[in-house]
Amino acid sequence: MFSSSTLGITWLPPDLEEERWEFFNHPAKQEWYGSHSVSWEQLLSRFEYGTLVPYPRGGFIGDIPVALSYHSFKEYQTYCARAKRGYRKNYSRMEDALQCAGSLVLKAPIIICFNGEGLLFSGYRRLCLAWNYGMVPYVWLVSLG
């Protein structure tokens, strides 16, 4: 027998300005930006050319390795389920809303790609929500090079 779910998420293109903190302040991502010589202006100029693409649970999107995607369930437990209360609280709110309403409309997580390497720029909790409910989320894939 096969059990299926009627839960669903509709993914919309994200707003880069709402994710600005991820570029200028996220400590774990600064090394990636620096080693790839990625500037905010470069990201701004290419962002509108991104596309919504499916991102099955894993460390790659197609042939592109995605840094900081924390795709395994063990990583989810470390970085989301056991994270500080405020971070976890936002995930719990999305999860409750999905269960209550049966569907959500969310802005897609962002993956940036440069020279065959990717970085999960933003949206980790949104990815986890979909992955943990057996859905394949969509991400906004932005190629910078």
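Since we're looking at a predicted model, the values are computed, not measured.

### Examining helix α3 (residues 40-47)
Then, number 1: For α3, the complete set of buried residues consists of W40, L43 and F47. Projected onto a plane normal to the axis of α3, the buried residues spread over an arc of 65° and lie on a single side.
Then, number 2: Each element contacted by the buried residues of α3 is listed here: α1 (20-24), β6 (110-114), β7 (117-122) and β8 (138-143).

### As for the sheet that holds strand β3 (residues 60-61)
Then, number 1: Strand order in the open sheet made by the six strands is β2-β8-β6-β7-β4-β3, with mixed pairing throughout. With partners counted over all chains shown, the strands left at the sheet margins are β2 (51-54) and β3, one partner each.
Then, number 2: Against the sheet, α3 contacts β6, β7 and β8, and its axis sits at roughly 115° relative to β8.

### Notes on the nonpolar core
Side chains of a nonpolar character, in soluble globular proteins, are inclined to be buried together.
Then, number 1: Counting residues in each nonpolar core, the largest one holds 40 residues, and the members touching the most others are L43, I112 and F121.
Then, number 2: Element by element, the count of residues in this core is highest for helix α6 (residues 124-132), at six residues.
Then, number 3: Residue contacts for F121: discarding those within four places in its chain leaves L16, E19, E22, F23, K29, Y33, W40, L43, I110, I111 and I112.

Quick notes on the rules
Residues numbered from 1 in each chain as written. Predicted model: local features only at pLDDT ≥ 70, side-chain atom pairs only at ≥ 80, totals over all residues. Heavy atoms only, no water. Buried < 20%, exposed > 50% of the residue type's maximum accessible area, 1.4 Å probe, protein only. Helix = DSSP H or I, 4+ residues; strand = E, 2+ residues; numbered from the N terminus. Arc of directions from axis to C-beta. Contact = heavy atoms within 4.5 Å. Pairing = 2+ DSSP bridges. Axes fitted to C-alpha atoms, helices over the stretch in contact; angles between N-to-C directions. Core = buried A, V, L, I, M, F, W, Y, C linked by side-chain atoms within 4.5 Å.

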